[in-house]
Amino acid sequence: MFKKLGLILSTVLFAIAAFAFVASPAVAASKTVKMGTDTYQLKFDPSEVTVSPGDTIKFQNNNLPPHNIIFDQEPFKSLAMEPTKMLLTPSDSYTITVPDDAAAGTYTFFCAPHKGAGMTGKLIVQ
Ligand SMILES: [Cu+2]
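Residues numbered from 1 in each chain as written. Predicted model: local features only at pLDDT ≥ 70, side-chain atom pairs only at ≥ 80, totals over all residues.

## Overview of the overall build of the protein
Reasoning step 1: Of regular secondary structure, the protein possesses one helix and eight strands.
Reasoning step 2: Along its sequence from the N terminus, the protein presents helices and strands in the succession α-β-β-β-β-β-β-β-β.
Reasoning step 3: Per-residue burial over the protein gives 21% buried out of 126 residues. (Helix = DSSP H or I, 4+ residues; strand = E, 2+ residues; numbered from the N terminus. Buried ≥ 20, exposed ≤ 12 C-beta atoms within 10 Å, placed from the backbone.)

Here it is, written out as structure tokens:
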């Protein structure tokens, strides 16, 4: 009798613990990418960002604007800026959130006016 009760109790406790583990999502991180380095190079800084679904990436205008952020691949393509839109003033920024269903992989992005100058970057979703 007591043995059975113990088994039921431990099963219930395990179920509660498992639920608590699943129900507490990882804390979303927020990363910032400067557009135009502090030393006035036409680059993203950092040019490689590793993120997880739910994270936000803030593209912050820094030096040598105008800049923008363009992705070739979905799901980021439709979240990024239109090629004709620009961040003009140093305080302008553009933030995207990594979709929950974003597949793991590497997604390249670039700044349309400065792609030829090498202003490209990689977003790595893990
Ligand atoms: Cu640019």
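## With respect to the pairing of strand E4 (residues 56-61)
Reasoning step 1: Only one face of E4 is buried, namely the one carrying Ile57, Phe59 and Asn61, since none of Thr56, Lys58 and Gln60 on the opposite face is buried.
Reasoning step 2: Across six bridges, strand E1 (residues 30-35) lies against E4 in parallel orientation. Residue pairing across strands places Lys31 opposite Ile57, the latter belonging to E4.
Reasoning step 3: Two strands pair when backbone bridges link them, and E4 and strand E6 (residues 93-97) are joined in this way by five bridges, in the antiparallel orientation. Bridge assignment links Ile57 to a residue of E6, and that residue is Ile96. (Pairing = 2+ DSSP bridges.)

## Re the nonpolar core
Reasoning step 1: Core analysis: the largest hydrophobic core is formed by 18 residues, its most contacted members being Val33, Met35, Val49, Val51, Ile57, Phe59 and Leu123.
Reasoning step 2: Those elements that place two or more of their residues in this core are E1, strand E3 (48-51), E4 and strand E7 (105-110).
Reasoning step 3: Every residue in contact with Val51, bar those within four places of it in the chain, is listed here: Lys31, Ile57, Val98, Leu123 and Val125. (Core = buried A, V, L, I, M, F, W, Y, C linked by C-beta atoms within 7 Å. Contact = placed C-beta atoms within 7 Å.)

## Considerations on unusual backbone geometry
Reasoning step 1: In the segment running from Asp45 into Pro46, the intervening peptide bond is cis, with an omega of 0°.
Reasoning step 2: Structurally, Pro46 is set in the loop between strand E2 (44-45) and E3.
Reasoning step 3: The step from Pro65 to Pro66 runs through a cis peptide bond, and the omega angle for that step is 10°.
Reasoning step 4: By the secondary structure assignment, Pro66 is in the loop between E4 and strand E5 (70-71).
Reasoning step 5: In the Ramachandran plot, Tyr40 falls in the positive-phi region, its phi being about 60° despite a non-glycine side chain.
Reasoning step 6: As for its placement among the helices and strands, Tyr40 is situated in the loop between E1 and E2.

## Some points on the sheet that holds E4
Reasoning step 1: The strand order across the open sheet built from four strands is E2-E1-E4-E6, with neighbouring strands paired in mixed fashion. The open sheet has two edge strands, E2 and E6, and neither has a second partner.
Reasoning step 2: Pairing analysis gives two bridges linking E1 to E2, with the strands arranged antiparallel. The partner of Lys34 across the bridge, within E2, is Asp45.

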